[in-house]
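Below, each chain spelled out in residue letters.
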Amino acid sequence: MTTMTRFLVHLLYPFLRTPLPQLRTPTGFFTDTSVCIGCKACEVACKAWNELPADALHITGHSYDNTGTLSAESWRHVKFIEQFEPPVSPFERGAEGEGERVPLDVLPLSPEPGRWLMMSDVCKHCVSAPCHQACPTGAIIQTEFTNIFIQPDICNGCAYCVAACPFGVVTRSACDGHAHKCTLCYDRQQHGLVPACAKACPTQSIQFGPIDDLRQRARERVARLHQQGVTAAHLYGDVETDGYSALTSFYLLLDRPAVYGLPEAPHDPYRRMAGDYLRSIAGGLISLVALGLLIWSMRP
Amino acid sequence: VTWDILCNNLSAGLFLVGGLAELLAPTVFAPLAKALYPTALIFLLIDLALLTIDLGDPWRFHHMLRQLNLRSPMSVGVWSLTAFSLSATLAAVLSVFTGDDTTMQTLRQVVVGVGLVPGLASLVYKGVLFSTTAQPIWKEARWLGAFLTASAMGLGCWALLLIAMFMQQPDALPILRRALILLTALSLVAFGLVALNVRHEIQRLRGRRRLIRFAVGDAAVSMVVPLMCLLIPGDGFLLLGMAPALLGNVTLRSLIVEAPRLAGEIE
């Protein structure tokens, strides 16, 4: 292929369209955090299937988690939330009662009883996704399974989807400059396979299937947990709220969403767009009309 | 991004203010056309270059033209800038080559008149581009679009004033002085409305005092000081007001761009 042909292909390729596939049963993830053990098998499976580069592993200093956060190279991330009281030295305890003796069999800095919360985080594949609406190139599409997919050969790395996502999921890769995130294993689904992370999950914390079945299953699970005394168990993103659409990847949480680093009340930025345009146009028109009247009145 | 906003605002602001002035008072402003439209075009070209460089993959810039997505302010902006660039280029070419030919001057005025619409659109989308995101501070700034639009016209007016001074067109100066007073006052009102929008968000910030200090300082330098200079008669004060206006507008835009990063330090 000559340089000119290559250039023409580069120029025209993004404008070629293929016929739209037929709609299939909407699918999604239900992540039950109550059974997640933090093994990170989902992270490994995701990286292996999607051939994502390895992370620079390091201890963050915030928890034992060493893979940090969701990124263009990590489409699954297991959060470790450590809910422990800060350890208090027995010597410090003793300081309250001056001269109190500290027994030698007491471990210094022994932690108070607490708990670990684990959560395998991923793109929420919002039913009405701000990233999908923000994309100026049409690289972000809703697939026939109603999942949100970024076409890597179309994205030009404008990063507007990064700013639009209220969950901080989408990021731009430093390797190729394009935005990447979970595809919900679109390629595997097309061939009737379960996404890699759900396949690898040893505890069924990540469940994949038709979204209506998953929602029903999730409600039953919450009811069962409530019967067992886990009253804090609740679903996040299973239904539409005042400010945001339902999520195709939704969660069962055991604490407030903020504890898991999720927004308590996510807001779809596009619900305010019309008003913002109106104010902006009004600002421009008022300035122009006032300016026009002034120039007209002062013209020689 | 700061320089991109500045060049966008200067280009479209100059085109709008200069174009409107030429259409309504041609005897005063038509002689400035030879410098006005090419200057607007140069700023537009710099803006387009900066927008392209800012992409993760600049060689795919043309992918922006695959579709017009009205729900994406960036898509609206791209198409507005494309339409505006046609008008700005045509107006610049006609202004350089028309000379005293009245037919060509009329043609240029038609091009400018038509170009006012995409010119305004390429200003209007910019603030909405920021406010229609999930980023802290930006997402609450409902009047940001109105502020940037009014402020851009103010910037354009300052640029036109400078051109009028260079091209020794004294008749334009009193009109532009009043126009600047009007546009600066409007910008100040819109800035106040933005401040009201984001006040709760700012109160949550650890570094809120520093942020408020910057915002008040920038507003004073970019709007209040120039406004005072404009109210004092004499061309010397006009020039005196220009420097803080330009400097303050750069730092104010930088503050807007940096706001979510600063808000990262939320308590």
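Residues numbered from 1 in each chain as written. Chains lettered and ligands numbered in written order. Predicted model: local features only at pLDDT ≥ 70, side-chain atom pairs only at ≥ 80, totals over all residues. Heavy atoms only, no water.

A look at the nonpolar core
Step number 1: In terms of nonpolar packing, the biggest core is built from 72 residues, with Phe15(B), Phe29(B), Tyr37(B), Met153(B), Leu160(B), Leu161(B) and Leu176(B) touching the most fellow members.
Step number 2: Ranked by residues supplied to this core, first place goes to helix H6 (residues 144-166) of chain B with ten residues.
Step number 3: Phe15(B) has contacts with Leu20(B), Tyr37(B), Ala40(B), Phe84(B), Ser87(B), Ala88(B), Ala91(B), Val112(B), Gly115(B) and Leu116(B), leaving out every residue within four places of it along the chain.
Step number 4: Membership of the second largest hydrophobic core comes to 56 residues, among which are Ala129(A), Ile150(A), Ala179(A) and Tyr260(A). (Core = buried A, V, L, I, M, F, W, Y, C linked by side-chain atoms within 4.5 Å. Buried < 20%, exposed > 50% of the residue type's maximum accessible area, 1.4 Å probe, protein only. Helix = DSSP H or I, 4+ residues; strand = E, 2+ residues; numbered from the N terminus. Contact = heavy atoms within 4.5 Å.)

Quick look at the environment of Ala54(A)
Step number 1: Within the element layout of this structure, Ala54(A) appears in the loop between helix H2 (41-50) and strand E2 (77-83).
Step number 2: What makes Ala54(A) exposed here is its relative accessible area of 68%.

Concerning the interface of chain B and chain A
Step number 1: Contact with chain B, which involves 56 residues of that partner, is made by 54 residues of chain A.
Step number 2: Buried surface at the junction of chain B and chain A, summed over both partners, amounts to about 4,700 Å²; 64% is from carbon and sulfur atoms.
Step number 3: Area buried by chain B at its contact with chain A is led by Arg66(B), Arg71(B) and Arg142(B), which between them contribute 16% of it.
Step number 4: Joining chain B to chain A, the criterion identifies two salt bridges.
Step number 5: Our count for the contact surface shared by chain B and chain A stands at 30 residue pairs in polar contact (both at pLDDT 80 or more).
Step number 6: At the level of elements, helix H1 (2-24), helix H2 (26-29), helix H4 (73-97), helix H5 (102-131), H6 and helix H7 (172-203) of chain B are the ones that each hand at least two residues to the side of chain B that touches chain A.
Step number 7: Among the elements that line the side of chain B that touches chain A, the one with the most residues is H7(B), at seven residues.
Step number 8: Partitioned by chemical class, the residues of the side of chain B that touches chain A number 33 nonpolar, 14 polar and nine charged. (Buried area = accessible area lost by both parts, 1.4 Å probe. Salt bridge = Lys/Arg side-chain N within 4 Å of Asp/Glu carboxyl O. Polar contact = N/O pair within 3.5 Å; in protein donor to acceptor, adjacent residues only side chain to side chain. Nonpolar A, V, L, I, M, F, W, Y, C, P; charged D, E, K, R; others polar.)

A few points about H5(B)
Three or four residues apart is the spacing at which side chains of an α-helix point the same way, because the helix has 3.6 residues per turn.
Step number 1: The terminal C-alpha atoms of H5(B), which comprises 30 residues, lie 44 Å apart, in line with the 44 Å expected from a rise of 1.5 Å per residue.
Step number 2: The axis of H5(B) is deflected most strongly, by about 35°, at Leu116(B), and proline Pro118(B) appears within four residues downstream. (Expected span 1.5 Å × (residues − 1). Bend = angle between axes of the 7 residues up to and from the residue.)

Here we look at the pairing of strand E10 (residues 249-253) of chain A
All names here are of chain A.
Step number 1: A large share of E10 lies buried, amounting to five of its five residues.
Step number 2: Residues Ser249, Tyr251 and Leu253 of E10 are buried on one face, and the alternating residues Phe250 and Leu252, pointing to the opposite face, are buried as well.
Step number 3: Sheet topology note: the strand E1 (residues 27-32)/E10 ladder contains four bridges and is parallel. Across the sheet, phenylalanine 29 pairs through a bridge with serine 249, a residue of E10. (Pairing = 2+ DSSP bridges.)

Topic: unusual backbone geometry
Residue and element names in this part refer to chain A.
Step number 1: Even without glycine at this site, glutamate 51 takes up a positive phi of about 55°.
Step number 2: By secondary structure assignment, the location of glutamate 51 is in the loop between H2 and E2.
Step number 3: For cysteine 185, which is not a glycine, the phi torsion comes out positive at approximately 45°.
Step number 4: With respect to the helices and strands, cysteine 185 occurs in the loop between strand E7 (179-180) and helix H6 (186-190).

Digging into the packing of aromatic side chains
Step number 1: As enumerated under the stated definition, the model contains eleven aromatic pairs over all chains in all.
Step number 2: Relative to Trp138(B), the ring of Phe130(B) lies with its centre 4.7 Å away and its plane at 75°, an arrangement referred to as edge-to-face. A single burial state applies to Phe130(B) and to Trp138(B), both of which are buried.
Step number 3: Three or more aromatic residues joined by ring pairs make a cluster, and in this case those are Tyr64(A), Phe80(A) and Trp116(A). (Phe/Tyr/Trp six-rings, centres within 6.5 Å; stacked < 30°, edge-to-face > 60°.)

Comments concerning H2(A)
Residue and element names in this part refer to chain A.
Step number 1: Turning to H2, its buried residues number three or more, namely Cys42, Glu43, Ala45, Cys46, Lys47 and Asn50.
Step number 2: Elements that come into contact with the buried residues of H2 comprise E2, strand E3 (115-121), helix H7 (196-200) and strand E8 (206-210).
Step number 3: Phi turns positive, to about 55°, at glutamate 51, one or two residues after H2.

Section: the pairing of E3(A)
All names here are of chain A.
Step number 1: With five of its seven residues buried, E3 lies for the most part within the structure.
Step number 2: Examined bridge by bridge, E2 and E3 share seven bridges and lie antiparallel to one another. Its bridge partner lying in E3, isoleucine 81 is registered against leucine 117.

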